[in-house]
Amino acid sequence: MSSLLRGEEMCLAQLFLQSGSAYDCISELGELGLVEFRDLNPSVTAFQRKHVNEIKKCEEMERILGYLLREVKKADISLPERDVNPVAPLPKHVMAIMEQLQRLEVELGEVTRNKEKLQRNLLELTEYTHMLRITRKFVQRTAEREPLQVQYEEFPFLEKETMMDYSSMQRLGAKLGFISGLIQRVKIEAFERMLWRVCKGYTILSYAEVEEYLENPDTGEPTKCVVFLISYWGDQIGQKVKKICDCYHCHVYPYPSSNEERNDVVEGLRTRIQDLHTVLNRTEDYLRQVLIKASESVYTWVIQVKKMKAIYYILNLCSFDVTNKCLIAEVWCPVNDIPTLRRALEEGSRKSGATVPSFVNRIPTSDTPPTLIKTNKFTSGFQNIVDAYGVGSYREVNPAPFTIITFPFLFAVMFGDLGHGVIMAVFAAWMVLCENNRKLKNTRNEIWNTFFEGRYIILMMGLFSIYTGLIYNDCFSKSLNIFGSGWSVKAMGWTKEQWENNRFLTLDPNVTGVFKGPYPLGIDPIWNLASNRLTFLNSYKMKMSVILGIIHMSFGVILSTYNYLHFRKKYNLYLVFLPELLFLLCLFGYLVFMILYKWLAFSAKDSRHAPSILIHFINMFLMQGDGLQPLYPGQTGLQIFLVVIAVLSVPVLLLGKPVYLYWLHNGSHRLGLYRGYERVRRNSEEELYLMRAHDMEEGSSHSDLSSSGENPTEEFDFADELLHQAIHTIEYCLGCVSNTASYLRLWALSLAHAQLSEVLWAMVMRVGLRMDSTLGVLFLVPVFGLFAVLTVSILLVMEGLSAFLHALRLHWVEFQNKFYGGTGVKFCPFAFSLLPSSFEHDGLL
Amino acid sequence: PANRELTFNVDHGYLEGLVRGMKAGILTSTDYHNLAQCDTLEDMKLHLQSTDYGKLLSSSEEDLTVSLVDSKLRANLVTEFSCLRSNALPPLSTFLDYITYSYMIDNVVMLITGALKQRDVAELLPRCHPLGAFDQMAAVGIARTPTELYSAILVDTPLAPFFQDAVSESNLDEMEAEILRNKLYKAYIESFHSFCKNIGGVTADIMCPVLEFEADRRTFIITVNSFGTELSGADKSALYPSCGKLYPEGLRLLAKAEDHEQVKAVANCYPEYKLIFDDPEPGADFKTLEDRFFEQEVKLNMLAFLQQFHFGVFYSYVKLKEQESRNIVWIAECVTQRQKSKIHNYIPIFPGTH
């Protein structure tokens, strides 16, 4: 408990690690996650550190592992269970892993390359068959038109040569050449244009599209291709055409000169394609086998490499001692864990078989240690709420244990509805019961994770909402009549006439038998029928908000005493805490007293004479009000006394501390310094700086504790201190007013929530309930569906979030600014479990 | 146009934000300091991992070489640029295209000279700058005269308009290719200049000085390189871009210049160039003329980031990133050749930022 209230006591320790066993010791520490290492060579750049080569090796292994994981993922092989948690491999075993990985990489690379080559081959052959098939059509087309061509044979150079009449060309003695191949469809137009420009029309291009999509070997995307056939005259032009084909990345294939040859080639291609398919299938099978084998141990390797890299990273933070035989590391460690730390070091030394043991040595320090508050799954959510505002300064009071109760309570005050609370609690209870379910735990959905992390908070919020819902007697905006109302309508003795002629009738509690006594729990359900229900609830909730607020804030002020006592600043108790508390209680505490007094002192009988608290409270400040009837005898005197006390506490708060510190610094310079010196010897060094800090000045927070430790003779600046205190005083005194007003949000949100659920009931559910035919039953189904959806989405989720945020604000601002500094540094232990894996980040795991 | 700044973000705000974010990743002087301390390329890789380059260099299986570093850096720039280009709307898309044209000109000339030396196209293509890649690139070698080059191959490319003055029937030899490059570049830079001027607003305010500087730099370089060749004054002045600050008087004088001293005399009339041609102070590191121009260019490009709602940041980012690649390659070159003394001759970008 004391750990939760104040955080762990930390100490700076030196680890002397024998160079032989340092690796094992740090591995042991990494598994435990006990200590935070400090960098002892901050001036050395990353690549000049000692173990940079080992880290490079780890990175190389990570690269190979990344490659393996990508391939495994591509092949759609699922990774085996991830429950294994292998320890970091010994340095001598690393080489084995490295070799294994490299062998796998080479093997995989070879197989993949082979596969790619085969695929490329296959593609080429397929393209070739397409080309042959399609170009045959070009030729057939010309053959059909042959008769038409005969008469133009004498003018072979004219435009009609677009037909494939090469036999006539050959007769003319011109050397006719063919180039055929495939080109991507998007490029064909530009290709044709350039061909025309460069060759000035001495070519004929015919092309047709391939129906199927062919895979682009470079990108792996299916693309449309076009088969083309260029016929040209002369070598010169042939050269140019070839270059242009190159330029457009055409896949050029030899063009068969005769039909027989074409058939032969097609036949040959068919068999080769079949062969290739078999070979390709075998290669793929083999690849899969290799990958399955690799996938079995890949996860273990990932963990091992991660741990190893982390260990070397930590070793880089250590420094060598003069003899170079042992490493020195400086760590922050919780004092209570030092025995565990010792055992871990012994274990590490034993494992590595070192003759000289490694050991721990606590060293004194004046640095402020990091803050560690040990949490469990229940408290961690609440601690997170506090840490989101600011990590507590070292050993200052931690608001989290109180937040566990106050946070859900303040939430529930705003969210009070039995029905909504039950839904919320059931949902949270389900999450709590299934918290070990891996599917829920390991999801990547961030919104879900937020809810899941806060499942205990939601559970508490739900339970408290049930409670406040009972108090407000609200269940989906309707009241529950469990104990039977305390009011009787019968006793009023209304006649039938009265019933019919009046829209509103008033129940008079003074008539005997009408009011039989208060409802046992919460608001009487009869208010649900009353037309002045809202007025009644408003008055009640408003006063309740103020009461809760004042209690909450006073509690915050009282908590500050724990800080003052712990940091040995007793003068703060009299010069800060007391005036603060007096100011708050004399003004606003008195307001609470008046509210309670009025509730208790006035009953239904004399309620007509009940005075207005507001007027009385205003009159208290104006120091008048003779015309008013006092609430109780001696009221005026008491009020004047309280106001005077409150006003007097302001100058005490403003000047007390600076003046006292000034006097302490100048007047009692040699007197009574280090009163607790004997205790310093007994206690740890950590207390020493607290002692000094006691005699030193201190700012509004503990931020200068660390500097005071380093420089104990720091000058005391009266003006500075006065300014800080003036700001604090102004903030506090104005804050008392504005914070009290701020607590009225409890009333406002609770009102909004109640009204919204009532509107939902009236506008949706009541419409469905009004239909009094059989059809109405059917109609009720969609209406209820709508009601349920709106209830969950608006009232539970949206209203819940808004109430959550307001509760958060009330804690962060109104409560915590009374005592909480929140200027600490979080303790980040070196723990393997906290290290992120780069593969997880890339989504490979 | 008057309220262009008002509506700038509608079309180009996202990309400007993007490019400013990328600019934040430009290596700082601390990075350069650390890089210069490296002993091997592996060290450099390790250090670059902590910068925005991330795993760029470590993802390859091959051993690191300087040329690999160079091509990786270049590929990185191309990725970033194509991301910008594919998200750009006119007129920014045209502006970005203009940036690529200068690379296209260089590619064309390199392919021509390569073809003259009977090199294989397949060997030349990887050496082309990917920012200036275009479909017809591989066919450039077919052309024998500039006219043929234009009418057969480049007429479809965006370079076509720049050919107006460059069309000639003379055979393409190395000299002619160089002249072609300069003629194309002159037309390009003039066209870019007038494009930026037409856009107006801050873009013109930022881009015009940068382009004017670029034009003048080329003028100086052409002049200095022409010493000892048979180029006449008239030939030279046909190559000078006429949009710079030197136009017209400086160009006329430079066309007549015959040695370094005369060029210096011309530069002395212009305060911004006087510094570049000044003799180095004794004791200071010697810097080549080229480096001094680069330094000046970096300075001008850094100014672009001081204003908002204009296109200049895109141009400047590409140029600064290019300079950064040159710096890294320089350091890598020094590291591999163990020339530690020259390692500090890179040109720092944003020296004040950390």
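Everything numeric in this text was worked out from a predicted model, so none of it was measured.

Cut-offs used in this document
- Residues numbered from 1 in each chain as written.
- Chains lettered and ligands numbered in written order.
- Predicted model: local features only at pLDDT ≥ 70, side-chain atom pairs only at ≥ 80, totals over all residues.
- Heavy atoms only, no water.
- Helix = DSSP H or I, 4+ residues; strand = E, 2+ residues; numbered from the N terminus.
- Buried < 20%, exposed > 50% of the residue type's maximum accessible area, 1.4 Å probe, protein only.
- Contact = heavy atoms within 4.5 Å.
- Areas by Shrake-Rupley, 256 points an atom, 1.4 Å probe, with all protein chains shown as cover.
- Domains from an automatic or database assignment.
- UniProt positions renumbered as here; feature names shortened; annotations may be inferred.
- Core = buried A, V, L, I, M, F, W, Y, C linked by side-chain atoms within 4.5 Å.
- Patch = residues over 30% accessible without salt bridge, like charges linked within 9 Å, V, L, I, M, F, W, Y side chains within 5 Å.
- Salt bridge = Lys/Arg side-chain N within 4 Å of Asp/Glu carboxyl O.
- Buried area = accessible area lost by both parts, 1.4 Å probe.
- Polar contact = N/O pair within 3.5 Å; in protein donor to acceptor, adjacent residues only side chain to side chain.
- Nonpolar A, V, L, I, M, F, W, Y, C, P; charged D, E, K, R; others polar.
- Expected span 1.5 Å × (residues − 1).
- Arc of directions from axis to C-beta.
- Pairing = 2+ DSSP bridges.
- Axes fitted to C-alpha atoms, helices over the stretch in contact; angles between N-to-C directions.
- Phe/Tyr/Trp six-rings, centres within 6.5 Å; stacked < 30°, edge-to-face > 60°.
- Lys NZ or Arg CZ within 6 Å of the ring centre and 35° of its normal.

Undergrad: Lay out the overall build of chain A with the relevant residues and their values.
TA: Counting secondary structure elements, chain A contains 28 helices and nine strands. When the 845 residues of chain A are sorted by exposure, 48% land in the buried category. Contacts spanning at least 24 positions in sequence make up 80% of the contacts within chain A whose residues lie at least 6 apart. Of the accessible surface of chain A, which amounts to about 44300 Å², a share of 59% is contributed by carbon and sulfur atoms.

Undergrad: For the domain arrangement of chain A, give the residues involved together with the corresponding values.
TA: Interfaces are often described in size by the accessible area the parts lose on coming together. As assigned here, chain A comprises domain 1 (117-142 + 174-282), domain 2 (378-484 + 519-656 + 719-818) and domain 3 (485-514). If you average the C-alpha positions of domain 1 of chain A and of domain 3 of chain A, the two centres end up 101 Å apart.

Undergrad: I'd like a rundown of the UniProt feature "coiled-coil region" (unreviewed entry) in chain A, residues and numbers included.
TA: What UniProt calls "coiled-coil region" (unreviewed entry) maps, in this numbering, to residues 94-128 of chain A. End C-alpha to end C-alpha, residues 94-128 of chain A measures 50 Å, and it is 100% helix and 0% strand.

Undergrad: So, the nonpolar core: which residues are in play, and what are the values?
TA: Among the nonpolar cores identified, the biggest contains 140 residues, and A:Phe191, B:Phe95, B:Phe192 and B:Phe314 are the most heavily contacted of them. Here this core takes 13 residues from helix H5 (residues 92-116) of chain B, the largest share from any one element. Excluding anything up to four places from it in sequence, B:Phe192 contacts B:Phe95, B:Tyr98, B:Ile99, B:Met207, B:Leu211 and B:Tyr315. If you look at the next biggest cluster of nonpolar residues, it comprises 68 residues, including A:Tyr564, A:Val592, A:Leu631 and A:Leu746.

Undergrad: Hey, could you go over a nonpolar patch on the surface for me, with residue numbers and the actual values?
TA: Together, A:Leu614, A:Ile615, A:Ile618, A:Phe621, A:Leu622 and A:Leu628 line one region of the surface with nonpolar side chains, adding up to about 540 Å² of accessible area. Relative to the helices and strands, A:Phe621 is located in helix H20 (residues 613-622).

Undergrad: Tell me what's going on with the interface of chain B and chain A, and back it up with residues and numbers.
TA: Residue-level contacts link 25 residues of chain B with 19 residues of chain A. Carbon and sulfur atoms supply 59% of the area that chain B and chain A bury against each other, a total of about 1900 Å² over both sides. Here chain B is connected to chain A by one salt bridge. Across the salt bridge formed by B:Asp43 and A:Lys56, the nearest N and O atoms sit 3.6 Å from each other. At the boundary of chain B and chain A, one finds zero residue pairs in polar contact (both at pLDDT 80 or more). Of all the secondary-structure elements, those providing two or more residues to the side of chain B that touches chain A are helix H3 (41-49) and helix H7 (146-153) of chain B. With five residues, H3(B) is the largest single contributor of residues to the side of chain B that touches chain A. Across the side of chain B that touches chain A, the residue classes break down as eight nonpolar, ten polar and seven charged.

Undergrad: Just give me the short version of helix H7 (residues 188-199) of chain A, but keep the residues and values in it.
TA: Counting along an α-helix, one turn takes 3.6 residues, and residues three or four places apart therefore face a common direction. Residues and elements named next belong to chain A. Its twelve residues give H7 an end-to-end C-alpha distance of 16 Å, which sits within 8% of 16 Å, the value for a rise of 1.5 Å per residue. Three or more residues of H7 are buried, namely Ile 188, Ala 190, Phe 191, Met 194, Leu 195, Val 198 and Cys 199. What you see down the axis of H7 is that its buried residues fit within an arc of 160°, all on one side. H7 presents Glu 189 and Trp 196 as exposed residues on the side facing more than 90 degrees away from its buried surface. At the exit of H7 stands Lys 200, carrying a positive phi of roughly 50°.

Undergrad: Just give me the short version of the sheet that holds strand S5 (residues 222-233) of chain A, but keep the residues and values in it.
TA: All names here are of chain A. With antiparallel pairing, four strands are arranged side by side in an open sheet as S4-S5-S3-S6. Across the chains shown, the open sheet's two edge strands, defined by having one partner strand only, are strand S4 (203-215) and strand S6 (251-253). Strand after strand, the sheet turns through a mean of 25° between neighbouring axes, direction not considered. The pairing of strand S3 (residues 176-184) with S5 spans nine bridges and is classified as antiparallel. Counterpart to Ser 180 in the pairing with S5 is Leu 229.

Undergrad: So what about the UniProt feature "transmembrane region" (unreviewed entry) in chain A? Which residues, and what values?
TA: Here the UniProt feature "transmembrane region" (unreviewed entry) sits at residues 409-433, 454-472, 544-565, 572-597, 640-663 and 776-798 of chain A. Counted over residues 454-472 of chain A, helix gives 95% and strand 0%. Its end C-alpha atoms are 26 Å apart.

Undergrad: I'd like to hear about the pairing of strand S8 (residues 326-334) of chain A, residue by residue, with values.
TA: Residue and element names in this part refer to chain A. Among the nine residues in S8, nine count as buried, and that is most of the element. Of the two faces of S8, the one carrying Cys 326, Ile 328, Glu 330, Trp 332 and Pro 334 and the one carrying Leu 327, Ala 329, Val 331 and Cys 333 are both buried. By the bridge criterion, nine bridges tie strand S1 (residues 10-18) to S8 in an arrangement that is antiparallel. Considered in S8, the bridge of Ala 13 is made with Val 331. Bridge count for strand S2 (residues 36-38) against S8 is three bridges, and the pairing is antiparallel. Bridging from a neighbouring strand, Phe 37 pairs with Val 331 of S8. Judged from the two bridges that link them, strand S7 (residues 319-320) and S8 form a sheet pairing that is antiparallel. Of the residues in S8, the one forming a bridge with Ser 319 is Ile 328.

Undergrad: Now, about the packing of aromatic side chains: what can you tell me, with residues and values included?
TA: The full count for this structure, using the stated rule, is 62 aromatic pairs over all chains. Aromatic rings pair up to connect B:Phe8, B:Phe95, B:Tyr98, B:Tyr101, B:Phe162, B:Tyr185, B:Tyr188, B:Phe192, B:Phe195, B:Phe309, B:Phe311 and B:Tyr315 into one cluster. Geometry around A:Tyr213 places A:Lys224 over its ring, the cationic atom sitting 5.2 Å from the centre. Between B:Arg218 and the ring centre of B:Tyr185, over which it is positioned, the NZ or CZ distance is 3.7 Å.

Undergrad: Which residues make up the pattern of salt bridges, and what values go with them?
TA: Overall, the coordinates contain 37 salt bridges over all chains when judged by the stated rule. B:Arg85 is the salt-bridge partner of B:Asp97, the closest N and O atoms lying 2.8 Å from each other. Of the two residues, B:Asp97 is situated in helix H5 and B:Arg85 in helix H4 (residues 66-87); the sequence distance between them amounts to twelve residues. On the basis of relative accessible area, B:Asp97 is assigned to the partly exposed category, the value being 21%. In this structure B:Arg85 comes out as partly exposed when scored by relative accessible area, which is 29%. Here the salt bridges share partners, and the residues they tie into one network are A:Arg38, A:Glu330 and A:Asp367.

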